[in-house]
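Below are the chains, spelled out letter by letter.
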Amino acid sequence: MGIDLHLDASWFIIVALLIYTLGFIEFPRELHPRAVAPRADIVSIALGIAASLLLFASVLAHEFAHAWMAIQRGIAVKRITLFIFGGVAHIAEEPDRPASEFLIAVMGPLTSAALAAVFGAAWIWLTILDSTGVIGAWLTAPIVLTNILAQANGSLALFNLAPGFPLDGGRVLRAILWGVTRDLRRATRWATRVGQLIALLMIGSGGALFFFGSNSGGIWYALIGMFLWNAASEGYRQMLLLETLRGVSVSRVMTRVVETVPPDISILDFVDAYVLPRREQTFVVADGTITLGLIPFDQIKRVKRAEWRVRRVRDVMIPRARLIALAPEQTAASALARLSASEQDELSVIENEQVIGFVGQETIARYLKLQSDLAR
Ligand SMILES: [Zn+2]
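The shown structure was predicted, so the numbers you read here are calculated from the model rather than taken from an experiment.

> Could you clarify how one ought to interpret the overall build of the protein in this entry?
In terms of regular secondary structure, the protein is built from 13 helices and 10 strands. Radius of gyration (C-alpha) of the protein: 27 Å, far over the 21 Å computed for a compact globule of 376 residues. In terms of principal-axis extent, the alpha carbons of the protein reach across some 85 × 55 × 40 Å. Within the protein, buried positions represent 42% of all 376 residues. When contacts within the protein are restricted to residue pairs at least 6 apart in sequence, long-range pairs at least 24 apart make up 63% of them.

> Can you walk me through the packing of aromatic side chains in this structure?
What characterises a pair of aromatic rings is the spacing of the ring centres plus the angle enclosed by the ring planes. Following the criterion strictly, the structure yields 11 aromatic pairs and no others. Each ring, one from Phe 83 and one from Phe 85, has its centre 6.0 Å from the other, and the planes form 85°; the classification is edge-to-face. Under the relative-accessibility criterion, Phe 85 is labelled partly exposed at 28%. Aromatic side chains Tyr 274 and Phe 283 sit 6.3 Å apart centroid to centroid with 80° between the ring planes, which places their arrangement in the edge-to-face category. With respect to burial, Tyr 274 and Phe 283 carry one shared label: buried. Site record: aromatic cluster; members linked through ring pairs are Phe 83, Phe 85, Trp 220 and Phe 227. Looking at Arg 305, its charged tip hangs above the ring of Trp 308, at a distance of 4.5 Å from the centre.

Calculation notes
- Residues numbered from 1 in each chain as written.
- Predicted model: local features only at pLDDT ≥ 70, side-chain atom pairs only at ≥ 80, totals over all residues.
- Heavy atoms only, no water.
- Helix = DSSP H or I, 4+ residues; strand = E, 2+ residues; numbered from the N terminus.
- Rg over C-alpha atoms; globule rule 2.2 N^0.38 Å.
- Buried < 20%, exposed > 50% of the residue type's maximum accessible area, 1.4 Å probe, protein only.
- Contact = heavy atoms within 4.5 Å.
- Phe/Tyr/Trp six-rings, centres within 6.5 Å; stacked < 30°, edge-to-face > 60°.
- Lys NZ or Arg CZ within 6 Å of the ring centre and 35° of its normal.

Next comes the structure, spelled out in structure tokens:
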């Protein structure tokens with residue numbers, strides 16, 4: 001699907017923990033039920049590794065289901081990240097319609113539920129087969145494996161359906177409230193409150209389990225609760241920000257300083273005579289009044305220093321045909337989406353075939369900061 005997969009450093013912690021729990025405790029206990037202190041062997045460790053990888057393949061399937069639906073609804077997906085608490089599909093922009101949000105959110109839990117059903121059916125079938133006694137003891141391993149996968153996918157579906165933003169269930173709730181009230185801000189506020197309530201419950205019950213129930217698993221619930229609390233608050237801030245940007249045009253946030261450079265000077269001259277004294281991010285390459293392309297500062301960094309004398313601006317610029325252009329009247333929110341989907345730091349704003357300004361993450365951030373400073 002053209003989506004990058006990122007493995008966060010914290011992901012390796014959870015994988016190691018899972019392999020240890022399954023390969024060194026769970027599988028030895030199930031495979032040697034009569035032993036007093038069952039020991040891990042090659043078979044149990046191999047099964048632990050296989051089960052852990054299949055668990056994360058299940059998480060990936062869940063995230064790919066979100067991503068697939070986002071692409072179907074015309075929304076780009078930047079990447080999928082696996083980390084200590086599971087996975088996230090990074091969608092380039094927030095859905096602009098409740099129906100899109102609903103469908104994208106619901107696809108993940110549906111996929112997990114379907115996987116739970118498949119593994120559950122396999123587990124039942126293997127258990128029945130085992131009870132007939134036709135096949136030997138080697139059925140134990142696949143029975144335990146399918147049982148683990150059915151349970152994990154079932155929990156993944158159920159947990160994610162909890163109606164607190166930014167969990168999938170919270171997004172479903174928000175989409176429904178949004179559709180009914182036509183008020184995204186109010187819908188997000190309610191869904192976020194429920195999300196924060198769920199986070200508090202997890203922190204509270206996790207803490208109680210840990211301190212009073214002497215159950216070390218409690219700390220895990222508390223950590224996930226804290227993660228959810230942050231994500232809920234962050235999600236709400238993001239929404240407020242996006243809403244502000246939806247009401248502002250590109251022409252208001254863009255920088256209007258447009259510096260031009262001739263196409264045939266060397267990179268060395270370009271740096272000395274233009275980049276250093278004027279400190280702009282991006283320059284327009286123009287031959288007289290004809291715009292040939294753009295040369296952003298980071299484009300120069302790709303050229304080896306030894307070649308700065310011989311390579312010309314024309315050789316390094318992004319030619320006009322490849323420019324991602326913004327229109328001055330489109331919203332800053334849509335500009336931000338285009339920016340994050342592209343690899344460029346700044347996009348050009350073009351009117352009547354002329355570059356009239358630039359918009360980058362920094363430009364938008366500066367505009368927002370100025371706004372909030374003035375509102376104080
Ligand atoms: Zn999900």
